[in-house]
Each structure stands twice: as structure tokens, then as C-alpha cells.
Amino acid sequence: MTQTGVDHVPNPNTRPEAGGFDSADWWRQAVVYQIYPRSFHDADGDGLGDLRGVTEKADYLKDLGIDAVWLSPFYPSQLADGGYDVDDYRDVDPRLGSLDDFDAMVHALHGRRIKVVVDIVPNHSSNLHRWFREAVAAGPGSLERDRYIFRDGRGESGELPPSDWQSVFGGPAWTRVTEPDGAPGQWYMHIFASEQPDWNWDNPDVHQEFLDTIRFWADRGVDGFRIDVAHALAKDLGEELVDSHALPNEFEEFGTHPFWDRDEVHDIYAEWRRAFNEYDPPRTAVAEAWVHPDRLARYASPDGLGQAFSFDLLEVPFTAENFRRAITKNLDEARRSGASSTWVLSNHDVVRHPTRYGLDLDTLLERLEERPLTPSGGTDLSVAAKQWLLLGSPEDLLDRDRGLRRARAAELLVLALPGSAYIYQGSELGLYEVVEIDDDQRQDPSFFRNPGKDQGRDGCRVPLPWERTAQDFGFGGPAHLPQPEWFAGHAADAELSDPGSTLNMYRSALAARREMQAAEELEWGPLNGGDVVHIVRPDGWESITNFGSDPLELPEGGVVVVSSQPLQSSLLPPETTVWLRHRTGGR
Ligand code: GLC
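The residue numbering used here restarts from 1 in each chain and proceeds along that chain's sequence as written. This being a predicted model, a pLDDT of at least 70 is required before a residue's local features are given, and a value of 80 or more before pairs of side-chain atoms are given or counted; all residues contribute to the totals for chains, interfaces and linings. Derived side-chain values reflect all non-hydrogen atoms in the structure, with water molecules and hydrogen atoms excluded from consideration.

Asks: I keep staring at the nonpolar core and nothing clicks. Help me out?
Replies: Burial of nonpolar side chains together is a common tendency in soluble globular proteins. In this text, buried Ala, Val, Leu, Ile, Met, Phe, Trp, Tyr and Cys residues form a nonpolar core when linked through side-chain atoms within 4.5 Å. Type-normalised accessible area, obtained with a 1.4 Å probe on protein chains alone, sets the label of each residue: buried when under 20%, exposed when over 50%, and partly exposed for intermediate values. Grouped together as the largest cluster of nonpolar side chains are 147 residues, with contacts concentrated most on Y33, L61, F225, W272 and W579. For helices the rule is a DSSP run of H or I covering at least 4 residues; for strands it is a run of E covering at least 2, with both sets numbered from the N terminus onward. When residues of this core are assigned to their parent elements, the largest contribution, seven residues, is made by helix α13 (residues 400–415). In this analysis, two residues are considered to be in contact whenever any of their non-hydrogen atoms come within 4.5 Å of each other. Setting aside residues no more than four positions away along its own chain, W272 makes contact with I120, P122, W201, F210, L211, I214, I227 and L305.

Structure representation (C-alpha cells):
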């Protein structure tokens, strides 16, 4: 049997018409690679990744075999929240480049048949946005203030916040401003950091600002948009603010929370959809919406954003049952909404999955005071992993080899599924969460606003290692978060020359995926059940994952296309996925 490679020479141009680069449906089965720009590649050497850095790596992305990139924000920003605090929605942060650099990047990516998705952050701007500065300067009751959410404080002289709401990052969700006359003044609301004032979506200027922004980027050739905290925009705060509308999301009474997941939010997306559809092909969008599963379909509907992230696989531990349940649920949801399903194992907000999967969960849960739960009542691995960071990342609870083995098996399974797969930068290198960051090197507001309660998200945002022996591992400038020694073994050049590397597994899998027929459905194979997830695609391709601890006898007659671990015989090792194709069947 083969090692972790393909047994055929794939032709990158044989993508089936439906779903290919030139089709309006390109997004339905796309593999989308998330770039966190300031940590991807630094072309100008200032220590922050930039857009020219992306352009320089366009061939790497093409050779990886992805269909699209999604860029996290690259707009002018003081980086109070990694760029999710936007000063100007229609420009590029000068440290990351210029609009010309953006155009050159789009040209380079499109020339390699890679689509471009950008992040839109519509719940809040930054406090340096021109309109927020104008709002503070204009004073209470002004038209300028109405674009944001200002309220008088409580207490004799307004010295208490208008309500007891806490921000997602910790601390009050209200910050007081100083009025133009120098007196302590009104308070503004911010679900996230105080540098991120929430927009008032009842104000028509705000609607126009975002329509203009969407058209601005669509006119520049952007193919799609990722919508940040899509479930928070519409708010009904009432005249009297009610205390203790606590975060996080409350699921009991759908649509009644003052700001999470209100029905009116879909009016905004219907408006955007009309703008997306002005283009040929229509621009696409994907919602980041942390809502009850029953509520997700509306965000993904074709009258709305068209697709929504499913975050199940960020949360669940590595078991066959968990994956089966998530697959069934996501395919059902996609059927209901008319979108395609989405698969996400990592992003810039969570502990990287090779680390999550390497944790000794039973012992970790024993050490935690409270068991973190998912909405369905299972263990939330993502929260557990954050707790592990808080405990000081005890190495005795982490088995790195096991974590990477499982991560590879999970990714290969996900890439065999119908729908689109989102891959976070560095996953293809098998990067673990970086835990070697001193407190004084941290950047994430969730760390600073939650002392002792949150280690923050910096560990998955460390600049990528490109070259094993180069300064800063070839990042291009002094890395703005410390790169650990072990990055050497994960550098792209080192992995490229190792046939068994994670990078080569991804490249083989993505090349093979181009040979698959586009499909939105699957069947469970005969081995499915217990510790085994066995899927059969309509074209006859099969993916078998052995979640158990004993080797599994593979069915006869299949040709191994790619596997997440080397196969020595006809046995599938524990915690391994294999793709099989039949000599006569299928295509
Ligand atoms: C989203 C982003 C996250 C950011 C937050 C506020 O959840 O993914 O990185 O901090 O929104 O914009």
C-alpha cells in the first residue's frame, strides 16, 4: 500500500464545471484557507505580516490546492482586537500595505484561480473610526451620536453604567466618554472591547455605510465576505435597559434577547443580498453566528448571507459518535437552508486542533472546577482547552503525537465531506497552539480584560514558520509574537521535503479532492458504527476513519488515494483516515 500520497497524477484543471472557479456555485464545495494577515508572511520586514506577503506566497497557496482565501481584517486599525476594530472599512492598514497592494494580491490569486473572501465587521467599528470621533465631539442628542449606542448613566450624576451588562471580553459592556465641555458624560455600548463601539443599526447612515463597503470591495474583485458576529447587529434595547441580560447567548426564548440573534437582523442581510446579487457572479457570504442550531439556517438562506459556519467540530472531542452526529446535523441543516454545509476545525479564535485533540480530557476535567458543556450537553473541548491554558498548559496533560495524529485523521475526514471546508493558516503545517508566550508579550484583549480567567487567543496567531533555518523561520521580519523552537520541525520547507509530513498530506488530499465529483450528499458505508466513521460519496469514493485504538481491516478492492498515517498492510491504524477509490467504480 502507498504511504500518505496520491496514486495518480491529478490534473488541477479538471474541476467539474459545476462548482469550479468560473461557476456561480464556486463556494458550495470550496476549500477556503483563512489568512490572518499580520501573522502570515511579512514582505516589508517590519514584523507584521502584510498583503504583499500574501502575494509572495500565492504559489504556495496554489500548490496547496485551495479554492479560496478568506482574509481576516487588514483595514486600518489600532489592533486593539487584532484588526476586528476597524478605523476605516474601505482602506488598507498602511502597515499591511495599500489598496494597490490589495489589487495586486487579488490579481495574483485570481490568476491562480483562487477566489478572495474578505472579512466585514458590521457589529462595531473602532473608537478611532471617523464617525465615532465625530459622535463623541458632537455631544448628546446629536445625529452623529445616533450612529452608535449612547445612553445616560445611572446614579446621581450618571456615574454608573446604564446597565450591568458585561462584555464578551470581560468587564462592563459600557464605557463613559468625556463630553466636549470636559465633563464626564454619556456611556456607549460595546459587546466586545471598549475600543469597539457597537453601531446602531436603526440608523440609516449605518446601512448605507455597509452597502457602500460591500460594493467597494466587490468592485475591486472580491468574491465573497465573511460576516463577523453576524447575530449581534439588530438590537432592541428599549427605553429602560434591563439588568442581567447576561452574556453569553441565551437560547431559551428565540429572538427576545436585546441583541443576540434577533429576527430583524435578517432584514439587514436581505438588503445585503440584493447588493451581492447586483454582481455576476453574485457575491457570496458566510455568517459567523453563534446561535442555537435551529436558528442557523436563516443566516445561511439564499435570501440572506447564503452560508453559515458550523462550529460543532470546534467543540466536540475526537470520537466517532461526535463526528457522526455533527455530520448528520450539518447535512440536515444545509438541506433546510439551501446552503452547503461548512466544516471548521480551527480558526483564529480557538486553541489549535492538534493541541485540543492531544489533551488528556478525563484528567483535565477532574482538575477543573466546572465541566464545560456544549449547548447539547456534551463536553465543550474548545472551552476545556482554554481552561488547560489557564492551568499553565501542563505538558503532562498533552500528548502531542496523538493530537497531531488525530488532527490529521479529522482533517482528512472533513475534506471528504460534501460542503466547504475552512482551513486556518498553519493547520496544514500541523501547528500546535503556542503556549510559550509570556504575559508581557500577549496582545489579545480577552487576556487583558479577564485577568486570571482567560489566556487569550495569541497562541494560534503566532507568525507562521516558512523556513526551518532562517531568521524568524522565514516570516520576513521580527515576529510580533514569539515563535517557539519546535516551529523548526513544522516549517513549510522542512515539511515539503518530507513525504510523510502534514503539509504533503494536505496537498495530496486537496489534489485528490479536485478529482471528486461535486456532491452535497453522502451515504454511510458498511463499516460505519462504533469507533468507525465510513462514508461513501456518490462517485464511489470512500473515506474511513478509525477513531478506535485497534487496527481495522480495510475492505478489499479499494485503491488507497491518501491516508493520514502510513499504511503497512491492509490494516487501518488507530486514529487514522484513509480515502479509497474503486478500480472499476465511480468515475
Ligand atoms: C469575532 C472574531 C473575533 C473578534 C470578535 C469581535 O468573533 O472572530 O476574533 O474578536 O468577532 O469582532
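Past the structure itself, the notes keep going.
Asks: Honestly, the sheet that holds strand β9 (residues 342–344) in this entry has me stumped. Any pointers?
Replies: Sheet strands line up and pair through hydrogen bonds in the backbone, either parallel or antiparallel. Strands sit in the order β8-β7-β3-β2-β1-β10-β9 across an open sheet of seven strands; the sheet is parallel. Edge positions in the open sheet fall to β8 (284–287) and β9, since each of these has one partner strand only. Neighbouring strand axes in the sheet, compared pairwise and without regard to direction, differ in orientation by 25° on average. Alignment of strand β3 (residues 115–120) against strand β7 (residues 224–227), held across four bridges, turns out to be parallel. Paired with I120 across the strands is I227, a residue of β7. Strand pairing follows a simple DSSP-based rule, namely that at least 2 bridges must link the two strands. Axis definition: a line fit to C-alpha positions, over the contact stretch in the case of helices; interaxial angles, taken between N-to-C directions, run 0 to 180 degrees.

Asks: In this structure, what is going on with the site of the ligand? I would like to understand it.
Replies: Close to the ligand lie 13 residues, the nearest being D81, D228, E288, H348 and D349. Counted as a polar contact is a pair of N or O atoms within 3.5 Å, where, for protein atoms, one must be capable of donating a hydrogen and the other of accepting one, and residues adjacent in sequence contribute only when both atoms are in side chains. Here D81 contributes a side-chain N or O atom positioned 2.6 Å from an oxygen atom of the ligand. Residue burial considers only the protein chains on display, and all accessible areas are found by Shrake-Rupley using a 1.4 Å probe. Burial of the ligand by the surrounding chains reaches 96%, relative to a free accessible area of 310 Å². Grouping the amino acids of the shell around the ligand by side-chain chemistry returns three nonpolar, three polar and seven charged. Throughout, the term near means that a residue has one or more heavy atoms lying within 4 Å of the molecule or strand in question. Three categories are distinguished: nonpolar for Ala, Val, Leu, Ile, Met, Phe, Trp, Tyr, Cys and Pro, charged for Asp, Glu, Lys and Arg, and polar for the others, with Gly belonging to the last.

Asks: Mind showing me how you'd approach the packing of helix α5 (residues 204–219) against helix α6 (residues 265–276) here?
Replies: For any two helices packed against each other, the geometry is given by the interaxial angle and the distance between the axes. Closest axis-to-axis distance for the α5/α6 pair is 10 Å, and the angle between their directions is 30°. Pair α5 / α6 crosses with right-handed handedness. Taking contact as the criterion, the partners of H207, F210, L211, I214 and R215 in α5 are, on α6, I268, E271, W272, A275 and F276. The residue makeup of the contact of α5 with α6, split by class, is seven nonpolar, one polar and two charged. With the far helix as reference, a near helix turned anticlockwise by less than a right angle produces a left-handed crossing, and one turned clockwise produces a right-handed crossing.

Asks: Is there a simple way to think about unusual backbone geometry in this case?
Replies: Most peptide bonds are trans, and most residues other than glycine sit at a negative phi. The linkage connecting D280 with the following residue, P281, adopts the cis geometry, with an omega of 0°. Note that P281 resides in the loop between α6 and β8. We note that R113 has phi near 60°; this positive angle belongs to a residue other than glycine. Along the chain, the position of R113 falls in the loop between α3 (99–111) and β3. We note that E575 has phi near 55°; this positive angle belongs to a residue other than glycine. Considering the arrangement of structural elements, one finds E575 in the loop between β16 (571–572) and β17 (576–582).

Asks: Any chance you could explain the pattern of salt bridges here in plain terms?
Replies: Between side chains of opposite charge, a pair can form when the charged atoms approach closely. Salt bridges are defined as contacts in which a side-chain nitrogen from Lys or Arg sits within 4 Å of a carboxyl oxygen from Asp or Glu. In total, this model carries 39 salt bridges according to the counting rule given. Salt-bridge contacts for R335 lead to D332; the nearest nitrogen and oxygen are separated by 2.7 Å. Of this pair, R335 and D332 both sit in helix α9 (residues 320–337), three residues apart, roughly one helical turn. Judged by its relative accessible area of 47%, R335 falls in the partly exposed class. A salt bridge links D349 to R457; the shortest N-O distance between them is 3.0 Å.

By themselves these figures say nothing about function.
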